[in-house]
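As a plain string of letters, each chain reads:
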Amino acid sequence: MEPIRITAVSAGLGRPSSTRLLADRLAQATRRHLEGGERPVETRVVELRDLATDIAHNLVTGFPGPALAEAVEAVTGADGLIAVTPVFTASYSGLFKSFFDVIDNTALHGKPVLMAATGGTPRHSLVIEHAMRPMFAYLRAVTVPTAVYAASEDWGGVDERVGELSARIERAGQELAELAGARPRPAERAAAAGTDDVNDATGGSGQTETVVPFARHLAALGLD
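In this text, all values refer to a predicted model and were calculated from it rather than measured experimentally.

### A closer look at the overall build of the protein
And step 1. Each helix and strand counted, the protein has nine helices and seven strands in total.
And step 2. Out of the 224 residues in the protein, the part that is buried amounts to 40%.
And step 3. Taking contacts inside the protein between residues at least 6 apart in sequence as the whole, the part at least 24 apart equals 80%.
And step 4. Carbon and sulfur atoms make up 54% of the accessible area of the protein, which totals about 11900 Å².

Structure below.
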């Protein structure tokens, strides 16, 4: 049976990285809400830090290296995507944006995406709404309602702030799990795509539409 695949993309640069930590916790929360269903669950984290050189080469040459190609396949083939970036200059990082620039802009159509970001101060929390959500809207992904922003104080501050972060992680993970678990299996999506292609060609009637050559249209107008 085909597993439900959840892929998390972490654009953190350091080791250890709070961005990677947030990606891990979101992936774990999503997995918890998916386990117990009919299909097994697979989770994976893609570290963009390790792919920085390959991403730059791809932007220049147009061809991905083996490691980058495999990471892109893990993202585009996932049933649900978690995208986490650190905040740089009041926006997502250049590495984060560059990775999604090398992915075909039709590859994420209809894919459920959970957005998250990390930063040093709560003042940057709106980066998800003014930068990340418009980008994924352009890619026609389906973003979950709850986004997660974690400032430095959310990790080691007062118990109330730590508890609020945990609650947001659980809520966002549940929302992604519901969307990812409801997606058709890969074979069903391929069959549905084939049906759509036929409907587009036949106008939805199941019958082949007659195409009249342009020259015949001109002849019917009597233009000599």
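Past the structure itself, the notes keep going.
### Observations concerning helix H3 (residues 66–76)
And step 1. Taken as a whole, H3 has its buried residues at Leu 68, Ala 71, Val 72, Ala 74 and Val 75. Viewed along the axis of H3, the buried residues span an arc of 160 degrees, placing them on a single side of the element. The outward face of H3, more than 90 degrees from its buried face, is lined by the exposed residues Pro 66 and Glu 73.
And step 2. Elements in contact with the buried residues of H3: strand S1 (4–10), strand S2 (41–47), helix H2 (52–61), strand S3 (80–88) and helix H4 (94–101).

### A few points about the packing of H4 against helix H5 (residues 127–138)
And step 1. Two numbers describe how H4 lies on H5: the axes approach to 12 Å, and their chain directions differ by 5 degrees. Comparing their axes, H5 and H4 come out roughly parallel. Between H4 and H5, the residues in contact are Phe 96, Lys 97 and Phe 100 and Met 132, Met 135 and Phe 136, respectively.
And step 2. Considered class by class, the residues forming the contact of H4 with H5 number five nonpolar, no polar and one charged.

Conventions and cut-offs
Residues numbered from 1 in each chain as written. Predicted model: local features only at pLDDT ≥ 70, side-chain atom pairs only at ≥ 80, totals over all residues. Heavy atoms only, no water. Helix = DSSP H or I, 4+ residues; strand = E, 2+ residues; numbered from the N terminus. Buried < 20%, exposed > 50% of the residue type's maximum accessible area, 1.4 Å probe, protein only. Contact = heavy atoms within 4.5 Å. Areas by Shrake-Rupley, 256 points an atom, 1.4 Å probe, with all protein chains shown as cover. Arc of directions from axis to C-beta. Axes fitted to C-alpha atoms, helices over the stretch in contact; angles between N-to-C directions. Parallel < 35°, antiparallel > 145°, perpendicular 65-115°, else oblique. Nonpolar A, V, L, I, M, F, W, Y, C, P; charged D, E, K, R; others polar.

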